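# Structural characterization, general
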Amino acid sequence: MTKSVPESSEYIDKSIIYEYLKEFTDVYNIDTSIKETVETTSREFNAEDVEGSDVKISLAEYQTHGRGRGNHVWQSPFASGICLSVFSKLNVTSIPLGLSVYMGVILIDNLEKIDFKDIKLKWPNDLYYQGCKLGGILVELSQNKKGDLIANIGLGINYSLPDDFYKLIDGNYNPIDLKTINNNNEFSRSEIIGILVCEIIKSIKGFDTNSIQEIKERWKELDYLYSQKIRINSGDDSIIGVNQGIDSDGALLIKQGRSVKRIISGQIEL
């Protein structure tokens with residue numbers, strides 16, 4: 001996609017972002033990169049260099065090679081979306097399978113607080129509204145040089161897409177943006193970014209072994225496909241069954257007859 005600038009673009013206001021981050025400056029070592037164009041925010045920092053109190057944040061108006069899950073590409077026109085990554089140490093020692101599930105619930109809850117209602121989640125990390133894709137969460141886990149577990153949380157949300165943006169992302173769903181969901185919302189793009197970045201930081205730092213259990217019931221309310229018959233591609237297998245929500249690790253539960261199959265990775269077909 002070529003870089004174009006919609007007439008109604010709201011550029012990222014650095015002063016607003018820094019104002020939101022002030023609550024963390026006495027607690028964490030904050031390093032913020034705000035650029036016009038990057039290849040992908042998820043590669044602006046190296047997780048190996050993130051230490052215990054570090055929080056590294058990458059924001060961009062445009063990504064030339066925005067990343068989704070697997071080999072998927074996240075496409076967003078210049079200055080029309082929320083494109084960011086947050087790098088920070090997790091306070092757990094084992095890999096948390098359900099971190100993206102947990103993060104999705106937290107982000108939707110906060111979007112609801114600022115009057116973006118009825119957004120749903122498609123396991124494990126996609127945001128939907130009335131059958132259209134609003135955004136997605138990309139969680140990558142690695143270790144720093146000391147062996148600590150580092151989370152790289154990527155977030156892509158459509159904020160205000162230009163009128164001629166009709167291309168189907170990955171060819172299988174229609175995009176939608178926050179402005180379409182609520183055009184009367186009083187928060188600017190930069191304020192929404194500030195709110196969501198702060199919640200991602202809090203969620204990374206507050207995540208523990210009980211976190212998924214705490215949001216299991218809320219997940220049922222937000223699950224775009226809960227209790228529906230679905231097909232999920234997991235590895236070389238294609239699994240069909242009824243979506244029964246998630247377990248305490250964030251794995252997807254699929255009912256097949258009298259048995260329930262536990263899925264820890266895969267892609268639900270729509």
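Here we summarise the structure given alongside this text. On a predicted model such as this, the values are computed, not experimentally measured, just so you know.

This part is about the sheet that holds strand β9 (residues 237-246). Taken together, the 5 strands give an open sheet; going across it, the order is β11-β10-β9-β8-β12, and neighbouring strands pair in antiparallel fashion. Edge positions in the sheet fall to β11 (259-263) and β12 (267-269), since each has one partner strand and no second. Direction aside, the axes of adjacent strands within the sheet are offset by 50° on average. One ladder, built from 3 bridges, connects strand β8 (residues 229-234) with β12; its direction is antiparallel. Following the sheet pairing, asparagine 233 is matched in β12 by glutamine 267.

With respect to the helices and strands, serine 33 occurs in strand β1 (residues 29-38). Residue classification places serine 33 among the buried positions, given a relative accessible area of 12%.

Read from one edge of the open sheet, 7 strands run β1-β2-β3-β7-β6-β5-β4, paired in mixed fashion. The open sheet is flanked by β1 and β4 (120-122), the only strands paired with a single partner. Across the sheet, the axes of successive neighbouring strands diverge by a mean angle of 20°, strand direction being ignored. By the bridge criterion, 3 bridges tie β4 to strand β5 (residues 126-129) in an arrangement that is antiparallel. Bridge pairing in β5 links leucine 121 to leucine 127. Against the sheet, helix α1 (residues 14-21) contacts β1 and β2 (54-63), and its axis sits at roughly 155° relative to β1.

In this structure, Ile119 and Leu178 are the most contacted members of the largest nonpolar core, which totals 64 residues. With residues near it in sequence (within four places) discarded, leucine 178 still touches Ile82, Phe116, Ile119, Leu134, Ile157, Asn158, Tyr159 and Ile192. Counting 5 residues, the second-largest nonpolar core is a separate cluster that includes Phe45, Ala47, Val50 and Ile150.

On to the pattern of salt bridges. What the rule picks out here adds up to 19 salt bridges. The shortest N-O distance in the salt bridge between lysine 35 and glutamate 44 comes to 2.8 Å. Given the relative accessible area of 40%, lysine 35 is considered partly exposed. Note that arginine 262 and aspartate 247 form a salt bridge whose closest N and O atoms lie 2.5 Å from each other. Residue arginine 262 is found in strand β11, and its partner aspartate 247 is found in the loop between β9 and β10 (252-256); the two are separated by 15 residues along the sequence. A relative accessible area of 13% places aspartate 247 in the buried class. By sharing partners, the salt bridges in this structure join Asp109, Glu112, Arg218 and Glu221 into a single network.

Turning to the packing of aromatic side chains, a few remarks are in order. Applying the stated rule across the entire model yields 6 aromatic pairs. Ring centres of phenylalanine 45 and phenylalanine 87 lie 5.7 Å apart, and the angle between their planes is 75°; on these two criteria the pair is classed as edge-to-face. Residue phenylalanine 45 is located in the loop between β1 and β2, and its partner phenylalanine 87 is located in strand β3 (residues 81-89); the two are separated by 42 residues in the primary sequence. Accessibility expressed as a relative area gives 1% for phenylalanine 87, which makes it buried. Centre to centre, the rings of tyrosine 62 and phenylalanine 78 are 6.4 Å apart; their planes meet at 45°, and the pair counts as tilted.

What counts and how
Residues numbered from 1 in each chain as written. Predicted model: local features only at pLDDT ≥ 70, side-chain atom pairs only at ≥ 80, totals over all residues. Heavy atoms only, no water. Pairing = 2+ DSSP bridges. Helix = DSSP H or I, 4+ residues; strand = E, 2+ residues; numbered from the N terminus. Axes fitted to C-alpha atoms, helices over the stretch in contact; angles between N-to-C directions. Buried < 20%, exposed > 50% of the residue type's maximum accessible area, 1.4 Å probe, protein only. Contact = heavy atoms within 4.5 Å. Core = buried A, V, L, I, M, F, W, Y, C linked by side-chain atoms within 4.5 Å. Salt bridge = Lys/Arg side-chain N within 4 Å of Asp/Glu carboxyl O. Phe/Tyr/Trp six-rings, centres within 6.5 Å; stacked < 30°, edge-to-face > 60°.

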